[in-house]
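Structural overview for review
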Amino acid sequence: MPAVPRKKRTKNRIGKRRASQRLTAPAFTSCPRCHAPKMPHMVCPSCGTYNGRFVTSEPGDLA
Ligand SMILES: [Zn+2]
């Protein structure tokens, strides 16, 4: 016999548990150099800079 839950999960308890599960909008900031939207702590995808200096060789080259 497999593991079986001892008690029935009521709709009330399931609803209470799921009340805190919701989607959140992804965080993003704007690049201080080109003002394009970028992810925080990530190299800007449009101008290729991070913390005011160029990180990638080509703009858009994130490989
Ligand atoms: Zn930028």
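Residues numbered from 1 in each chain as written. Predicted model: local features only at pLDDT ≥ 70, side-chain atom pairs only at ≥ 80, totals over all residues. Heavy atoms only, no water.

**Things to note about unusual backbone geometry**
As a reminder, the rule being used: Where helices and strands are cited, they refer to DSSP runs of H or I of at least four residues and of E of at least two residues respectively, numbered from the N terminus.
Positive phi, normally seen in glycine, also occurs at His35, with a value near 65°. Looking at the element boundaries, His35 is found in the loop between strand S1 (29–30) and strand S2 (37–38). Located in the positive-phi region is Asn51, a residue other than glycine, with phi close to 55°. Locating Asn51 in the fold gives a position in the loop between strand S3 (49–50) and strand S4 (53–54).

**Observations regarding the coordination of the zinc ion**
Perfect tetrahedral coordination of a metal by four donors corresponds to 109.5 degrees between them, and perfect octahedral coordination by six donors corresponds to 90 or 180 degrees. To keep it simple, the criterion reads: Keep in mind that water is not among the atoms, so a site may look incomplete; donors are the N, O and S atoms within 2.8 Å of the metal, or 3.2 Å for Na, K and Ca. Any coordination sphere not matching a tetrahedral pattern (four donors, all angles between 85 and 135 degrees) or a square planar or octahedral pattern (four or six donors, opposite donors over 155 degrees apart, other angles between 65 and 115) is reported as irregular. Burial classes: relative accessible area under 20% of the type maximum marks a residue as buried, over 50% as exposed, and values in between as partly exposed (1.4 Å probe, protein chains only).
Those donors, Cys31 (SG), Cys34 (SG), Cys44 (SG) and Cys47 (SG), are the protein atoms that reach the zinc ion, and they lie 2.1 to 2.3 Å from it. One can describe the site at the zinc ion as tetrahedral: its four donor atoms subtend angles covering 105 to 115° at the metal. Sequence positions of the residues that donate to the zinc ion give the spacing C-x2-C-x9-C-x2-C. Taken as a pair, Cys34 in the loop between S1 and S2 and Cys47 in the loop between S2 and S3 lie far apart in primary sequence, 13 residues in all. Take Cys34: its relative accessible area is 30%, and that puts it in the partly exposed class. For Cys47, a relative accessible area of 8% corresponds to the buried category.

**A short note on the confidence of the model for the protein**
Inclusion rule: What pLDDT expresses is the predictor's confidence in each residue, scored from 0 to 100.
When pLDDT is averaged along the protein, the result is 87, and 90% of the positions lie at 70 or above. By mean pLDDT, S4 is the weakest element of the protein at 85, and helix H1 (residues 11–18) is the strongest at 96.

**Overview of the environment of Asn51**
When its relative accessible area of 72% is taken as the criterion, Asn51 is described as exposed. Separated by 19 residues in sequence, Asn51 and Pro32 have C-alpha atoms that sit 8.6 Å apart.

**A short note on the side chain of Thr49**
The test is simple: Contacts are residue-level and defined by heavy atoms, with any inter-residue pair within 4.5 Å sufficient.
By the secondary structure assignment, Thr49 is in strand S3. Beyond its immediate stretch of four places on either side in the chain, Thr49 contacts Cys31, Arg33, Val43, Cys44, Phe54 and Val55.

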